[in-house]
Amino acid sequence: MARAILVGVDVGGSSTFDPTLDELAQLAESAGDMPVARVVARRKAPDPALFVGSGKADEIKALVQGHRAEAVLFDQALSPAQQRNLERHLGVAVADRTMLILEIFAARAQSHEGKLQVELAQLQYLSTRLVRRWSHLERQRGGIGTRGGPGEAQIELDRRMIGERIKSVKERLEKVKRQRSTQRRSRERNQTFRVSLVGYTNAGKSTLFNALVNARSYAADQLFATLDTTTRQLFLEDVGRSASLSDTVGFIRDLPHKLVEAFEATLQEAADADLLLHVVDAANPLLVEQMAEVQRVLAEIGADAVPQVLVYNKFDKLEATQRPRNMVDTMELDGGVRVARVFVSALEGQGLDELRRIIAEAATGTLAERLAATEAPSPGESKGDAGSDPQRTGTHHFHSSP
Ligand code: GDP
Ligand code: MG
């Protein structure tokens, strides 16, 4: 465990900036670091050389020495030049958010394909920079030791070897991908109703998965505890048929773009599903931003047309004033699509029967009808003229893409 200083920079009042740095701390712990201090700075724009200003850099350096820290972790992505300059200035390894996510994925990948994909993403990240923290990776690639720090000639040499390695990993991936598409075609022939859990990392997907299927999929207060998709049969008592339920990898803000591509296989599961259960941590203050991030990634992987049910999890953690009047209601997504929403506690069990009923209704096609009915303004409720808006009514809308 490396003792680490956490740094977050609020650049131009970004809406996703988390002044608590709690998520960065979780990423750090999940990557095997031990946060010992947190620093927050605010700038109009990142400094091109050091990302932070030189005064802030000196402050960080003093913290490094005071805490005998071995690493400094940034909540944002650093350019190769900023990272190199910071490592020189601070005298310790410097990592950014992207690196941490890649490290966690590297440690957690189980399948052959998953491992190759993470390795490729790491190599691509390395091909533009050499970083202290991953010097072991370069040596592994056959580089000549990095005694005294890498010189420019050394960097060129390592880059060439990284380039060759990238080529070989890509070739192996192509082969695995061809095998997978054969497997998928054979799965497409069977007719089960497929449900996928999606959501921001740590929302409680794996816990909910376990609660619904009584299986034991790994759940932990660590980011990305599970990477590979797990699928189980889910028996829907109400309608006497079964569906398949898949637990998938969580999404996170600034997930390295290369990694989204890399996890195409896992994410494809979501795009191919008949129904998405979008699990949300209802008690998280950044819930709105997290939901938006998930919707963005869903669109990116072509899963935005799949019908969704919003599952507001961690009901047990909500204050009395935050609790809804009804455990089940509907909510309009940004694109204007109205979806069912259910409050649950995957941990304590509230709302799970309602959720099962909603899944059963979706499987038999009656959910869309019921949603259309709830759109008509109910007596006694003043707001909501949604029913009079032709854009928002009808079962049609629920099934089509926004
Ligand atoms: P995932 O990353 O979405 O798969 O999340 P996990 O299922 O691994 O859960 C993340 C953390 O949230 C774990 O510590 C769970 O115990 C906790 N958790 C999950 N569901 C609930 C819930 O309904 N209530 C509370 N209080 N905690 C929950
Ligand atoms: Mg999980």
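This text gives an overview of the structure that appears in the document. Computed from a predicted model, the values in this text were never measured in an experiment.

Thresholds applied
- Residues numbered from 1 in each chain as written.
- Chains lettered and ligands numbered in written order.
- Predicted model: local features only at pLDDT ≥ 70, side-chain atom pairs only at ≥ 80, totals over all residues.
- Heavy atoms only, no water.
- Near = heavy atom within 4 Å.
- Polar contact = N/O pair within 3.5 Å; in protein donor to acceptor, adjacent residues only side chain to side chain.
- Areas by Shrake-Rupley, 256 points an atom, 1.4 Å probe, with all protein chains shown as cover.
- Helix = DSSP H or I, 4+ residues; strand = E, 2+ residues; numbered from the N terminus.
- Nonpolar A, V, L, I, M, F, W, Y, C, P; charged D, E, K, R; others polar.
- Buried < 20%, exposed > 50% of the residue type's maximum accessible area, 1.4 Å probe, protein only.
- Pairing = 2+ DSSP bridges.
- Axes fitted to C-alpha atoms, helices over the stretch in contact; angles between N-to-C directions.
- Contact = heavy atoms within 4.5 Å.
- Core = buried A, V, L, I, M, F, W, Y, C linked by side-chain atoms within 4.5 Å.
- Domains from an automatic or database assignment.
- Parallel < 35°, antiparallel > 145°, perpendicular 65-115°, else oblique.
- Left-handed = near helix turned anticlockwise from the far one by under 90°.
- Right-handed = clockwise from strand over helix to strand, strands pointing away.

### Thoughts on the site of ligand 1
Line of reasoning, step 1. Near ligand 1 you find 17 residues, and of these Asn 202, Gly 204, Lys 205, Thr 207 and Asp 316 are the closest.
Line of reasoning, step 2. Here an oxygen atom of ligand 1 sits 2.6 Å away from a polar atom, N or O, in the side chain of Thr 207.
Line of reasoning, step 3. Between ligand 1 and the protein, one listed contact pairs an oxygen atom with a backbone N or O atom of Leu 347 at 3.2 Å.
Line of reasoning, step 4. Burial of ligand 1 by the protein chains amounts to 87% of its free accessible area of 590 Å².
Line of reasoning, step 5. The element contributing the most residues to the shell around ligand 1 is helix H8 (residues 205–213), with three residues.
Line of reasoning, step 6. Of the residues in the shell around ligand 1, the class split is five nonpolar, seven polar and five charged.

### Digging into the side chain of Ser 30
Line of reasoning, step 1. Structurally, the position occupied by Ser 30 is in helix H1 (residues 22–30).
Line of reasoning, step 2. Reaching out from Ser 30, the side chain makes a polar contact with the backbone oxygen of Gln 26 at a distance of 2.7 Å.

### Some details on unusual backbone geometry
Line of reasoning, step 1. If you check the backbone angles, Arg 68 has positive phi at about 50° while not being a glycine.
Line of reasoning, step 2. When you line up the elements, Arg 68 lands in the loop between helix H2 (54–66) and strand E3 (71–74).
Line of reasoning, step 3. The exposure class of Arg 68 is exposed, given its relative accessible area of 60%.
Line of reasoning, step 4. Positive phi values are uncommon outside glycine, yet Asn 202 reaches one of about 75°.
Line of reasoning, step 5. Among the secondary structure elements, Asn 202 is positioned in the loop between strand E5 (193–199) and H8.

### Brief notes about the sheet that holds strand E2 (residues 33–43)
Line of reasoning, step 1. An order of E2-E1-E3-E4 is seen for the four strands of this open sheet, with the pairing classed as parallel. For this open sheet the edge positions go to E2 and strand E4 (93–95), each flanked by a neighbour on one side alone. Between one strand axis and the next, the sheet turns by 20° as a mean value, whatever way the strands run.
Line of reasoning, step 2. Taken together, the four bridges between strand E1 (residues 2–11) and E3 define a ladder with parallel strand orientation. In the strand pairing of E3, Ile 5 is matched with Val 72.
Line of reasoning, step 3. The strands touched by H1 within the sheet are E1, E2 and E3, with E2 carrying the most contacts at an inclination of about 145°.

### Some details on the nonpolar core
Line of reasoning, step 1. Among the nonpolar cores identified, the biggest contains 49 residues, and Leu 73, Leu 276 and Leu 298 are the most heavily contacted of them.
Line of reasoning, step 2. Broken down by secondary-structure element, the contributors of at least two residues to this core are E1, H1, E3, helix H4 (97–108), helix H5 (112–126), helix H7 (152–188), helix H10 (264–271) and helix H11 (287–300).
Line of reasoning, step 3. The biggest single contributor to this core is H5, with seven residues.
Line of reasoning, step 4. Shared between two domains, this core takes at least three residues from each, and those domains are domain 1 (2–95) and domain 2 (191–400).
Line of reasoning, step 5. In contact with Leu 298, other than residues within four places in its own chain, are Val 198, Phe 251, Leu 276, Ala 303, Asp 304 and Gln 308.
Line of reasoning, step 6. Core analysis: the next-biggest nonpolar cluster, separate from the first, contains 31 residues, Phe 193, Val 195, Leu 352 and Ile 358 among them.

### Describing the packing of H4 against H5
Any two packed helices are characterised by how steeply their axes cross, that is the angle between the axes, and by the distance between the axes.
Line of reasoning, step 1. Contact pair H4 / H5: the axes reach a minimum separation of 9 Å and the direction vectors enclose 150°. With respect to H5, the axis of H4 lies roughly antiparallel. Relative to H5, H4 is oriented so that their crossing is left-handed. Here H4 contributes Thr 98, Met 99, Leu 102, Glu 103, Phe 105 and Ala 106 to the contact with H5, which in turn contributes Val 118, Ala 121, Gln 122 and Tyr 125.

### A look at the environment of Pro 48
Line of reasoning, step 1. Its place among the elements puts Pro 48 in the loop between E2 and H2.
Line of reasoning, step 2. Owing to a relative accessible area of 65%, Pro 48 belongs among the exposed residues under this scheme.
Line of reasoning, step 3. C-alpha of Pro 48 to C-alpha of Ala 81: the two residues are 33 residues apart in sequence and 8.1 Å apart in space.

### Let's talk about the pairing of E1
Line of reasoning, step 1. Within E1, eight of the 10 residues are buried, which leaves the element mostly enclosed by the surrounding structure.
Line of reasoning, step 2. Sheet analysis places E1 next to E2, joined by 10 bridges and oriented parallel. In the strand pairing of E2, Arg 3 is matched with Met 34.
Line of reasoning, step 3. Where the polypeptide runs from E1 across H1 and back to E2, its parallel neighbour, the crossover connection is right-handed.

### A short note on H8
Line of reasoning, step 1. The element H8 is largely enclosed, with a buried count of eight among its nine residues.
Line of reasoning, step 2. Where H8 is concerned, the buried positions are Lys 205, Ser 206, Leu 208, Phe 209, Asn 210, Ala 211, Leu 212 and Val 213.
Line of reasoning, step 3. At its buried positions, H8 is contacted by E5, strand E6 (230–236), strand E7 (241–247), strand E8 (275–281), strand E9 (308–313) and helix H12 (352–364).
Line of reasoning, step 4. Asn 214 lies just past H8 and shows a positive phi near 55°.

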